[in-house]
Amino acid sequence: MRLRFLHLSLTLVAVILTACEAQDSVNLYIGTGGHGHTHPGAMVPHGMIQPGPDTRIHDWDASSGYHYSDDSINGFAHTRLSGTGCADFGDFLVMPITGEAQTQYVGEKDKAQHTAYASPFSHEEEIAFPGYYGVKLERYGIMAEITATCRTAIHRWTFPESEKAGMILDLDYCIQDQTMLDMQVEVTGDTIRAFRRDNWWQYDHRLYFEAVTSKPIAGYRIVRDTVQLERDNGRMQPRCKLLVDFGKTAKDEEIMLKAAISAVDADGAHRNLMAEQPGWDFDATQEAAAALWKKALHCIDIEIDESDSTAVEQRTIFYTALYHAQLSPNVFQDVDGRYLGMDLKAHQGDPADPYYTIFSLWDTHRALHPLISIIDPAQNEAYIRSLIRKGEDGGLVPKWDCGSNYTGCMIGYHYAALLADMMAKGYRNFDAELAYKHAVRSAEYDTTGITPACPTWLYPYIMPKARYYRQTLGYVPSDIENESVAKALELCYDDWCTAQVARMMGDTARAAKYERWARLYTNYFDASTGFMRGKMADGSWRTPFSPARSTHRQDDYCEGNAYQWSWFVPHDADGLIALYGGRDAFVRKLDALFSASSQLEGEEVSADISGLIGQYAHGNEPSHHIIYYYNAVGMPWRTQELVDSVLHTLYANAPDGLSGNEDCGQMSAWYILNAMGFYQPCPGRPVYAIGRPLFKSATIHLPGGKTFRISAPGNSRKAKYVVSMKLNGTTLSEPYFTHEELVKGGELVLEMSEKRP
């Protein structure tokens, strides 16, 4: 591929080689093992369709539909989530076959993770890189390949010589235990149209599908029946499968299937297919997908010593992280601009201004969106425009939107954090008045605990107990509200973010009110233990108490314990230090976090408490800012030691190379920023804290043609301490710089040493 460019200037060749190296460095299997929950499917950046292999159905580690430990493939579904702790989708699974189709019911959960038609496979005969996936299906002797555009997938199947070849379209296949509500399929000539509606994490998920085969369909059969489930009191579940017959195939005969989806209607799926995949050129589609990833990954160049095997591995981790950081949010709009709104009605949008879904804001407000504010701020502005539209259509900006469904998942209202951060950094390519209105509305109302039976129009009028009691008592009683401490701490931070937006909008009265609410975190601090604790309605502390105890999603914390949540005051480090009695006491408590036993207590400990250094849990997002408190107390060398430890021990170039769920790019974004040498501890305050860079240099290509380079002379595995900091030639006295300084371009030089200053 690189030889094509030899006639170009040496400068341009160097640029192309850098981009190719970044793309070649991506390992799509990082996070597909352990509990990373990523997948190696073929998709383009932020693609609406996510075609790829499905290897399991049930339980937590089926969240993406694929797990590296599996050795059988059920088929290739067209939708999925990446790196989440919840599962959904798995729509319109297709499987090429030879011989008679097997569709019998094979059981559930522990009894079967696979379909009757699943095929064994070997990782030795599997290949995946950005925009492409291929595997040999051992059962059928078929080489199956996939590539994609934003809204379409194209499958290329290379068959053996066979008397009977075909494919299965499984409409009732799904990831985890979804309830099928409606399944329709029809075949006209060589065109297949289908519709599916189901209920799971998305309480009302609807999707349309259109596919065309390159070889004439010789015949087909639709299998409809029901099976008695081994759960839900024996509920009957409908099934629907389309069995397609292609007739005979010659050795190495290629048959292709091109497919598109739409959440709006069947015409939308048809238009998407015709617009993005009018022909049958698999290779050209794959090359176009590769070009999109080349551009996306070239936003940051890193320099390493090629003879250093550890550095080569770290480069792979870095560019894989940059890949994962650009999978979600996902386009959720047809080529004509129509989209399914939060009211589950079709709306006409602007085809040039995509509408997005999959906003895991509880996770991604911390590092992913700050990263995007650097490498592509226009993308964040587009996200805010989408969220505003969601608020307009549904009455409330969702906290975790999945397929235009209010899932009500997680806590806080972190739309305010995204909005505050972008406005503080000077980005306003959206209706600021409308954006502010929805931030205030999100501060007052919520979707937590709303059930599918609750009509959507009621959402904006429901104030959960957490909001009510915090505004009347000054705290959320733990005997009345679950996860009371975590909810309150996140509300304090989000209220601070809303206050920042209010001040930028000139609304000083509301800003003062929200700033007052932002300080209510002090009501949860128990000086006798040094932890944030649950407080009962009568004002007493909840007992018994152990900071190491966890009961997943059923205690005073959320996916964590008191050790992790007691530090969630990113907006007021000085106030938190004062609570502990000053700098020295604060440092002792912070040291104790990282040196404590990692033993957790409780019978139902949250699986999200992972990646432990002492009781610091890097595998879950609430801990991600804590290391940088050492910068705030004048001990940046300790920040550098801990960042070094996390980068070298909790990320790896391996399937289990993530210490927790990837969470839609958040885990990777933390790595990207910290590997370059800085992090933003408090989104909404546009200040970056300096940590410990991994590479000789990292160059960020900023919008407008500018660059910002972080150089680290003397950097090595042992030289982890920053002994000198110069920004554009000026020595920094504190380990911080601003977003404004970054986007002007220039160079940050961090001189490294094996000895701390």
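Just above sits the structure.
Each chain has its residues counted from 1, following the order in which its sequence is written. Where local features are concerned, this predicted model is filtered to residues with pLDDT of at least 70; where side-chain atom pairs are given and counted, the filter is 80 or more; whole-chain, interface and lining totals use all residues. Hydrogen atoms and water are omitted, and side-chain values are computed over all heavy atoms in the structure.

Caption draft 1: Summary view of the environment of Ala652. With respect to the secondary-structure elements, Ala652 resides in the loop between helix H17 (636-649) and helix H18 (666-676). Given the relative accessible area of 30%, Ala652 is considered partly exposed. Between the C-alpha atoms of Ala652 and Met635, which are 17 residues apart in sequence, the distance is 28 Å. For this analysis, residues touch if any pair of their heavy atoms sits within 4.5 Å. Discounting chain neighbours no more than four positions away, the residues touching Ala652 are Ile30, Ile317 and Gly657. Numbering goes from the N terminus for both helices and strands, where a helix is a DSSP run of H or I of at least four residues and a strand is a run of E of at least two. Classification of residues uses two cut-offs on accessible area relative to the type maximum, computed with a 1.4 Å probe and protein chains only: under 20% is buried, over 50% is exposed, and between them is partly exposed.

Caption draft 2: Region of interest: the sheet that holds strand S33 (residues 721-727). If you walk across this open sheet you meet the 6 strands as S17-S31-S32-S36-S33-S34, and the pairing is mixed. For this open sheet the edge positions go to strand S17 (300-303) and strand S34 (730-731), each flanked by a neighbour on one side alone. One bridge is not enough; two strands pair if DSSP finds at least two bridges between them. Pairing of strand S32 (residues 707-711) with strand S36 (residues 746-753), which is carried by 4 bridges, proceeds in the parallel orientation. Of the residues in S36, the one forming a bridge with Ile710 is Leu748.

Caption draft 3: Molecular detail of the environment of Tyr679. Within the element layout of this structure, Tyr679 appears in strand S29 (residues 678-679). Placed 54 residues apart in sequence, Tyr679 and His625 show a C-alpha to C-alpha distance of 8.3 Å. Discounting chain neighbours no more than four positions away, the residues touching Tyr679 are Arg366, Ala367, His624, His625, Tyr628, Gln666, Trp670, Leu673, Asn674, Val687, Tyr688 and Ala689.

Caption draft 4: Focus on unusual backbone geometry. A cis amide bond, omega -5 degrees, links Ser328 with the succeeding residue Pro329. Along the chain, the position of Pro329 falls in the loop between helix H4 (309-324) and strand S18 (330-331). Cis geometry is adopted by the peptide bond preceding Pro544, which originates at Thr543 and carries an omega value of -10 degrees. Here Pro544 lies in the loop between strand S26 (531-532) and helix H13 (562-565). Unlike most non-glycine residues, His46 shows phi in positive territory, near 60 degrees. By relative accessible area, which is 8% here, His46 ends up buried. Backbone geometry at Asn728 places phi at a positive 50 degrees, although glycine is not the residue there. Within the secondary structure layout, Asn728 lies in the loop between S33 and S34. Using a relative accessible area of 47% as the deciding quantity, one classes Asn728 as partly exposed.

Caption draft 5: Representation of the side chain of Thr79 within the structure. On the secondary structure map, Thr79 appears in the loop between strand S3 (75-77) and strand S4 (93-98). Accessibility expressed as a relative area gives 2% for Thr79, which makes it buried. Excluding residues that lie within four positions of it along the chain, Thr79 makes contacts with Gln50, Phe89, Gly90, Asp91, Leu207 and Ile261.

Caption draft 6: View of the packing of helix H6 (residues 368-375) against helix H7 (residues 377-394). Closest axis-to-axis distance for the H6/H7 pair is 5 Å, and the angle between their directions is 125 degrees. By the angle between their directions, the pair H6 and H7 is classed as oblique. Only Pro377, Gln379, Asn380 and Tyr383 of H7 make contact with H6, whose side of the interface consists of His369, Ile372, Ser373, Ile374 and Ile375. Its residues assigned to classes, the contact of H6 with H7 shows 5 nonpolar, 4 polar and no charged. Lines fitted to C-alpha atoms define the axes here, with helix axes fitted over just the stretch in contact, and angles between the N-to-C directions of these axes take values from 0 to 180 degrees. Roughly parallel here means an angle under 35 degrees, roughly antiparallel means over 145, roughly perpendicular means 65 to 115, and every remaining angle is called oblique. When residue character is reported, Ala, Val, Leu, Ile, Met, Phe, Trp, Tyr, Cys and Pro are called nonpolar, Asp, Glu, Lys and Arg charged, and the others, Gly included, polar.

Caption draft 7: Geometry of the side chain of Gln202. Among the secondary structure elements, Gln202 is positioned in the loop between strand S12 (191-199) and strand S13 (205-213). A residue is classified by how much of its surface remains accessible, and Gln202, at 0% relative accessible area, is buried. Residues contacting Gln202, with those up to four places away along its chain left out, are Asp88, Phe89, Cys402, Gly403 and Asn405.

Caption draft 8: Local environment of empty space enclosed by the protein. Cavities and pockets were defined on a 1 Å grid built from protein atoms only: a cavity is a group of points that admits a 1.4 Å probe but offers it no way out, a pocket is an open group of points flanked by protein on both sides within 12 Å along at least five of seven lines, and a lining residue is one with an atom within 4 Å of any such point. Grid points are joined across faces, edges and corners, and a volume is the space filled by probe spheres set on the points. Considering all chains together, one arrives at 8 cavities of 30 Å³ or more under this definition. The space that makes up the largest cavity amounts to roughly 400 Å³. What lines the largest cavity is a set of 29 residues, and nearest its centre among them are Ile57, Tyr105, Gly107, Asp172 and Tyr173. Top element by residues in the lining of the largest cavity is strand S15 (residues 236-249). It accounts for 4 residues.

Caption draft 9: Molecular detail of the packing of H17 against H18. The geometry of H17 relative to H18 is characterised by a closest axis approach of 11 Å and an angle of 125 degrees between their N-to-C directions. Judged on the interaxial angle alone, H18 and H17 are oblique. H17 and H18 meet at a crossing whose hand is left-handed. Of the residues in H18, those touching H17 at Val643, Val646 and Leu647 are Trp670, Tyr671, Asn674 and Ala675. Broken down by class, the residue content of the contact of H17 with H18 amounts to 6 nonpolar, 1 polar and no charged. What makes a crossing left-handed is the near helix being turned counterclockwise from the far one by less than a right angle; a clockwise turn instead makes it right-handed.

Caption draft 10: Layout of the sheet that holds strand S22 (residues 359-360). With antiparallel pairing, 3 strands are arranged side by side in an open sheet as S22-S23-S24. Edge positions in the sheet fall to S22 and strand S24 (405-406), since each has one partner strand and no second.

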